[in-house]
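A closer look at the structure
Spelled out, the chains give:
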Amino acid sequence: MSERMVVRFAPSPTGFLHLGSARTALFNWLAARRAGGLFLLRIEDTDRLRSEDRFLDEILGGLRWLGLDWDGEPIFQSRRFALYRERAEGLVASGKAYRDGEAILFRVEPGGTVAYEDMIHGRIEVATETVKDQVLIKSDGSPAYNFACVVDDVELGVTHILRGDDHISNTPKQILFYEALGLSRPRFGHMPLIMGADGAKLSKRHGGVSITEYKNEGFLPEALANYLILLGWTPPGGVEILTLDEAAGIFDIAQMNDVQARFDLQKLKWVNGEYIMKKPTADLVPLLRGRMARDGFDLAAVEDGYLARVVDLYKIRIKTLGEFGELADAFFKEDFAVDEEGRRKYLGSAESRARLAELAERLAAVDPFVREGLEAAAREMAAVQGLKAADLIHPARLAVSGKTKGAGLFEMMELLGKETVLRRLRGCAA
Ligand code: GLU
């Protein structure tokens, strides 16, 4: 019987949860769930000065938000200094490490080779000549990353280590520690880093690097998780939209991409739009209410039923939650944003304004004030005056919503209601 897979995500709480780290966490989670194994969380907070609770909270909150649950309680390295020292002393006793003042260093013998089969990159070999003696315990008593990492991976029974390429140079050093401790090593896999569309290391100017920024921007966690999966693995059959659970059912580490992934904000927006479109309106309503409140909308008097009807009209047209308030503000306030270019184009002439005045009079007679009747009245007017329907629809849409695009005009009008529609049409006609 094969051993049970144990993986871990090991963030340092010295900064926010970045897209790259979140992707690392995601793939470890997928591997564990696929194999029915364990996904552990280890907090690498050995740097007491740079580790902060607010970062830890943000990292844990970000993981939960993405839908990643971990097994058991998180392990904190800051509480395990005695264990690291004990293991280092053991290596001193066996002659494999030595003291240098307060510090303990591991002796690397030249002339050897460290080789391993990377789960993603294949065989990797490093000559020990290129590796200098390694600090195990620093003179301030804290453990060095590579050593604490190995001690804990051993203690926790970690079988597979999946992390970013930025750690590829650490792995030979860690393997030397496994050998010195007489322990069999786990399997290692290194994921190529995420690059910006221009090929440079992902940074703020590519659209933000922390998970919280994307959350605030109006991305759904399931969409961001889906997109991050695509940045490391190509699901079979060309499928691009798949949930975490669906991915967990078919994921295979061996199929992970060994070339750098390019972060593409447009693609992420597309994925997000797909999820918004499919999400039940009733689930979007509370999210959008919160989102709009933060954007300064006063929705106290807006009922969920009305909000839901507007969401139904717009959820196929927005790529982020933030776009909803921008595109549909006219449903919630009178001082809605007006597309100035559109205003010049569609409402610039006395002729088009006169048409709006007449349209308002015709619509005033429509009863009940529902889309079919409204559309019939507008088309009749167009026919009588020898106009194209578009000659009425574009100016009217701009008058009632301030926008040149959006939901169907007559659906919008029905929802806005007779009083508002006539007031806005007449306001623009004047
Ligand atoms: N704390 C390290 C990091 O955040 C962990 C690396 C590892 O997974 O071994 O990059």
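This structure is a prediction, so every number in the text was calculated from the model and none was measured. (Residues numbered from 1 in each chain as written. Predicted model: local features only at pLDDT ≥ 70, side-chain atom pairs only at ≥ 80, totals over all residues. Heavy atoms only, no water.)

As a further point, take unusual backbone geometry. A cis amide bond links Asp367 to the next residue, Pro368, at an omega of 0 degrees. Relative to the helices and strands, Pro368 resides in the loop between helix H14 (350-364) and helix H15 (371-385). (Helix = DSSP H or I, 4+ residues; strand = E, 2+ residues; numbered from the N terminus.)

Attention now goes to the pairing of strand S1 (residues 6-9). Of the two faces of S1, both are covered, the one formed by Val6 and Arg8 as well as the one formed by Val7 and Phe9. Of the strand pairs in this sheet, S1 and strand S2 (residues 38-43) are connected by 4 bridges, and their pairing is parallel. Paired with Val7 across the two strands is Phe39, which belongs to S2. Considered for its hand, the β-α-β crossover made up of S1, helix H1 (residues 19-35) and S2 is right-handed. (Buried < 20%, exposed > 50% of the residue type's maximum accessible area, 1.4 Å probe, protein only. Pairing = 2+ DSSP bridges. Right-handed = clockwise from strand over helix to strand, strands pointing away.)

Here we come to the site of the ligand. The ligand sits among Arg8, Ala10, Ser12, Glu44, Tyr145, Cys149, Arg163 and His167. At 2.7 Å from an oxygen atom of the ligand is found a side-chain nitrogen or oxygen belonging to His167. Isolated, the ligand exposes 290 Å² of accessible area, and the fraction of that covered by the protein chains is 80%. Residues belonging to the shell around the ligand are distributed by class as follows: 3 nonpolar, 2 polar and 3 charged. (Near = heavy atom within 4 Å. Polar contact = N/O pair within 3.5 Å; in protein donor to acceptor, adjacent residues only side chain to side chain. Areas by Shrake-Rupley, 256 points an atom, 1.4 Å probe, with all protein chains shown as cover. Nonpolar A, V, L, I, M, F, W, Y, C, P; charged D, E, K, R; others polar.)

Direction vectors running N to C along helix H16 (residues 389-401) and helix H17 (residues 409-416) enclose 30 degrees, while the axes themselves pass 10 Å from each other. Considering the relative orientation of H16 and H17, their crossing is left-handed. Residues Ile393, Ala396, Arg397, Val400 and Ser401 of H16 form the contact with H17, whose own contacting residues are Leu409, Phe410, Met412, Met413 and Leu416. (Axes fitted to C-alpha atoms, helices over the stretch in contact; angles between N-to-C directions. Left-handed = near helix turned anticlockwise from the far one by under 90°. Contact = heavy atoms within 4.5 Å.)

Next up on the list: the sheet that holds S2. Pairing is parallel in the open sheet, where 3 strands are placed in the order S1-S2-S3. Whereas interior strands pair on both sides, the edge strands pair on one side only; in this sheet they are S1 and strand S3 (75-76). The strands touched by helix H2 (residues 53-66) within the sheet are S1, S2 and S3, with S2 carrying the most contacts at an inclination of about 165 degrees.

Moving on: helix H4 (residues 145-155). The element H4 is largely enclosed, with a buried count of 8 among its 11 residues. Along H4, the residues classified as buried are Asn146, Phe147, Ala148, Cys149, Val150, Val151, Asp152 and Asp153. Its buried side turned inward, H4 meets S1, S2, helix H3 (81-93), strand S8 (134-137), strand S9 (160-164) and helix H5 (171-180). Where H4 terminates, the next one or two residues include Gly157, which has phi positive at roughly 70 degrees.

It is worth spelling out the pattern of salt bridges at this point. Summed over the entire model, instances satisfying the criterion amount to 31 salt bridges. Measuring nitrogen to oxygen at the nearest pair gives 2.8 Å for the salt bridge that ties Glu155 to Arg87. Linking Glu155 in helix H4 with Arg87 in helix H3, this pair joins segments that are 68 residues apart in sequence. (Salt bridge = Lys/Arg side-chain N within 4 Å of Asp/Glu carboxyl O.)

Looking at the element boundaries, Asp152 is found in helix H4. Not counting chain neighbours up to four residues away, the residues in contact with Asp152 comprise Arg42, Gln77, Arg80, Leu83 and Tyr84.

For the rest of this paragraph, the subject is the sheet that holds strand S4 (residues 97-100). The antiparallel open sheet is built from 3 strands, whose spatial order is S4-S5-S8. Looking at the sheet topology across the chains shown, the edges are occupied by S4 and S8. The mean inter-strand angle of the sheet, taken between neighbouring strand axes irrespective of direction, is 40 degrees. As judged from the 4 bridges shared by S4 and strand S5 (residues 103-106), these two strands associate in the antiparallel manner. Looking across to S5, one finds that Ala97 is bridged to Phe106.

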